[in-house]
Amino acid sequence: MSKPRHGDRYVEGMATRRSVLGDAHVDRAEAAKTEFDIPFQELITEAAWSHVWSRPNIRRERSMITIALLAALKQDEEVAMHIRASVNTGATRDDIREALLHVAIYAGVPAANHAMKIARKTFDEIDAQAG
C-alpha cells in the first residue's frame, strides 16, 4: 500500500475523528483500509472530520443531527456507530431520543422506529460493556 501524504486538514480531521469515534474504532478502520479505498478514507477524514466535525461550538448538536440524518437514510451501521460516539460528544440518551422523535415526524415513523430499535440495542451493548 502506498503511503499517502497528509496535510493539515487530514491531521485535524484524524484528531477529531479519534476524539468522536474513539481510538479503537479508528484503529480498526485504519487497519482495514486497502489501496483501493485510501482516497475515500482521506476524503472523509478531510471533508467530514476536518471541514465539518472540527468546526467549533456544536459537537453535541452535530452528533444529534448526524444520528437523525443517518436514521432518516436508514444507514443502520452508521446510526449505531454514532450512537456509540455520543458518549464522546456530550449527546445524551434523552437528546438521541428527541432527535429520533424528530425523525418520525420529518422522515417517517418506520425509519424512526427502526432507529429506535438500533438505539436500544446499542445502549444495551454500551451498558453491558460498562458492566
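On a predicted model such as this, the values are computed, not experimentally measured, just so you know.

About the cut-offs
- Residues numbered from 1 in each chain as written.
- Predicted model: local features only at pLDDT ≥ 70, side-chain atom pairs only at ≥ 80, totals over all residues.
- Heavy atoms only, no water.
- Helix = DSSP H or I, 4+ residues; strand = E, 2+ residues; numbered from the N terminus.
- Buried < 20%, exposed > 50% of the residue type's maximum accessible area, 1.4 Å probe, protein only.
- Contact = heavy atoms within 4.5 Å.
- Salt bridge = Lys/Arg side-chain N within 4 Å of Asp/Glu carboxyl O.
- Core = buried A, V, L, I, M, F, W, Y, C linked by side-chain atoms within 4.5 Å.
- Axes fitted to C-alpha atoms, helices over the stretch in contact; angles between N-to-C directions.
- Parallel < 35°, antiparallel > 145°, perpendicular 65-115°, else oblique.
- Nonpolar A, V, L, I, M, F, W, Y, C, P; charged D, E, K, R; others polar.
- pLDDT = per-residue confidence, 0-100.
- Patch = residues over 30% accessible without salt bridge, like charges linked within 9 Å, V, L, I, M, F, W, Y side chains within 5 Å.
- Areas by Shrake-Rupley, 256 points an atom, 1.4 Å probe, with all protein chains shown as cover.

**Side note on the overall build of the chain**
When you go through the chain residue by residue, the secondary structure sums to seven helices and zero strands. In sequence order, the secondary structure elements of the chain are arranged as α-α-α-α-α-α-α. Its C-alpha atoms give the chain principal-axis dimensions of roughly 45 × 30 × 25 Å. Counting over 131 residues, the chain shows a buried share of 37%. For the chain, restricting intrachain contacts to residue pairs at least 6 apart in sequence, the fraction spanning at least 24 positions comes to 70%.

**Things to note about the pattern of salt bridges**
It is possible for side chains of opposite charge to pair when their charged atoms get near one another. This model, assessed by the stated rule, comprises twelve salt bridges. For R17, the salt bridge goes to E30, with nearest N and O atoms at 3.4 Å. Taken together, the residues span a long stretch of sequence, with R17 in helix α1 (residues 8–21) and E30 in helix α2 (residues 23–32) at a distance of 13 residues. By relative accessible area, R17 is classed as buried at 4%. Three or more residues joined by partner-sharing salt bridges are found here, namely R17, E30 and K33.

**Focus: the nonpolar core**
Counting 21 residues, the largest nonpolar core has A71, V79, I83, I96, L100, V103 and F123 as its most contacted members. Residue assignment for this core shows that the elements contributing at least two residues are α4 (59–72), α5 (76–89), α6 (93–107) and α7 (109–130). The biggest single contributor to this core is α7, with seven residues. Among the nonpolar cores identified, the runner-up in size contains nine residues, and Y10, M14, V20 and M81 belong to it.

**Quick look at the packing of α1 against α2**
Packing of α1 against α2 brings their axes to within 6 Å, and their N-to-C directions diverge by 125°. Considering their axes alone, α1 and α2 lie oblique with respect to each other. Where α1 abuts α2, its residues Y10, M14, R17, R18 and L21 lie against D23, H25, V26, D27, A29 and E30. Of the residues belonging to the contact of α1 with α2, the class tally is five nonpolar, one polar and five charged.

**Comments concerning the confidence of the model for the chain**
Keep in mind that low pLDDT regions are not for reading the predicted coordinates in detail. Residues of the chain with pLDDT of at least 70 account for 96%, and the chain-wide mean is 94. Per-element confidence in the chain is highest for α6, whose mean pLDDT is 98, and lowest for α2, whose mean pLDDT is 94.

**Topic: a nonpolar patch on the surface**
Side chains of I58, I65 and L69 sit close together on the surface and give an oily, nonpolar patch of about 250 Å² of accessible area. For I58, the position within the fold is in the loop between α3 (38–52) and α4.

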